[in-house]
Amino acid sequence: MPDDLLERLRRFQQDAFPLQQSLFRHLVDHGQKPTTLFIGCSDSRLVPYLLTGAGPGELFLVRNVGAFVPPHDQSRGFHGTAAAIEFAVLNLDVRRIVVCGHSHCGAIRALYGDVPPQAQNLGQWLELGREAALPVAEPGPDVLRRTEQRAIVLQLERLMAYPMVRERVEAARLSLHGWHYVIEDGEVHVFDIGQGGFVPASRAENAGTGPYVLADADDAPQGMDASGIPSG
């Protein structure tokens, strides 16, 4: 039986690597200097390099189920995602953090269903998105889309609880961006607090805005609650 993975590795070394060899040599000699931390869902249909047109050395990638951000205070235990955030901000001095969710997300759908009892880690992990869920028993496509977007903003808010993130955001040294990738349309919708929600990139004025924690419900743009999470 052919080993497809082995063949792909050989093709990379023989065909793709020679085209980028000088770039990889530069990255080895001078180290990586990515400007963006990309926190994305593990879904195989979400491909950060295709979405952004980035090449080697440009993105520091973190993938997990749901594109969730664990609390900084370790109240949910130790997490590789939290360690990656700290490393990207403190060691790599990234200038942007993107949280990218997507349509038809299995993690978001699981918030409204049952998780197999054997999946104890998954069940605990999904609680990081629980606040984004809406009070419905059987969600339709619109509810799932809204929950996907609410979950993205929730993670942006959680990022602001990381002291090194908040410090740099407030000093205008770091920006946060919430993206919702609609797979079937091939378009990313970016969260813009000035617009009160997610805007298709084809019509957006920027790649997303932040921070997104509002002090007073009266200050919230129409269609958003006091936390900055889209409510409509």
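Treat the numbers as computed from the prediction; the structure is a model and nothing was measured.

A. Region of interest: the nonpolar core. Leu37, Ile39, Ile97, Leu159, Val165 and Leu176 are the most contacted members of the largest nonpolar core, which has 53 residues in total. Tallying contributions element by element places helix H6 (residues 141–159) first for this core, with eight residues.

B. Local environment of the pattern of salt bridges. For the structure shown, the criterion picks out 13 salt bridges. Notably, a salt bridge pairs Arg10 with Glu7, separated by 3.3 Å at the nearest N-O pair. Of this pair, Arg10 and Glu7 are both found in helix H1 (residues 4–30), three residues apart, which corresponds to roughly one turn of the helix. Linking Arg158 and Glu131 is a salt bridge whose minimum nitrogen-to-oxygen distance equals 3.9 Å. Residue Arg158 is located in helix H6, and its partner Glu131 is located in the loop between helix H5 (120–126) and H6; the two are separated by 27 residues in the primary sequence. In this structure Glu131 comes out as exposed when scored by relative accessible area, which is 56%. Several salt bridges share partner residues, and in doing so they unite Asp93, Arg95 and Arg173 into one network.

C. Expanded view of the pairing of strand E5 (residues 187–192). For E5, the buried fraction is high: five of the six residues fall into the buried class. As judged from the four bridges shared by strand E4 (residues 175–182) and E5, these two strands associate in the antiparallel manner. From the neighbouring strand, Trp179 faces E5, where its bridge partner is Val190. Where E4 folds back on E5, the antiparallel hairpin that results is connected by four residues, among which Gly186 adopts a positive phi of roughly 65°. Pairing geometry for E5 and strand E6 (residues 197–200), over four bridges, is antiparallel.

D. Quick look at the sheet that holds E6. The strand order across the open sheet built from six strands is E2-E1-E3-E4-E5-E6, with neighbouring strands paired in mixed fashion. Lying at the two open borders of the sheet, with one neighbouring strand each, are strand E2 (59–64) and E6. Looking at each pair of strands side by side, their axes are set apart by 25° on average, direction ignored. Taken strand by strand, H6 contacts strand E1 (36–41), strand E3 (96–102), E4, E5 and E6, and its axis lies near 160° from that of E4.

E. The arrangement of the side chain of Asp192 in detail. Along the chain, Asp192 falls in strand E5. The side chain of Asp192 is buried and forms no salt bridge, while Arg203, the nearest opposite charge, is found at 11 Å. Filtering out sequence-adjacent residues up to four positions away, Asp192 remains in contact with Gly197, Val199, Asn206 and Thr209.

What counts, and at which threshold
- Residues numbered from 1 in each chain as written.
- Predicted model: local features only at pLDDT ≥ 70, side-chain atom pairs only at ≥ 80, totals over all residues.
- Heavy atoms only, no water.
- Core = buried A, V, L, I, M, F, W, Y, C linked by side-chain atoms within 4.5 Å.
- Buried < 20%, exposed > 50% of the residue type's maximum accessible area, 1.4 Å probe, protein only.
- Helix = DSSP H or I, 4+ residues; strand = E, 2+ residues; numbered from the N terminus.
- Salt bridge = Lys/Arg side-chain N within 4 Å of Asp/Glu carboxyl O.
- Pairing = 2+ DSSP bridges.
- Axes fitted to C-alpha atoms, helices over the stretch in contact; angles between N-to-C directions.
- Contact = heavy atoms within 4.5 Å.
- Lys, Arg positive; Asp, Glu negative; His and termini not counted.

These results come straight from atomic positions and should not be treated as a statement about function.
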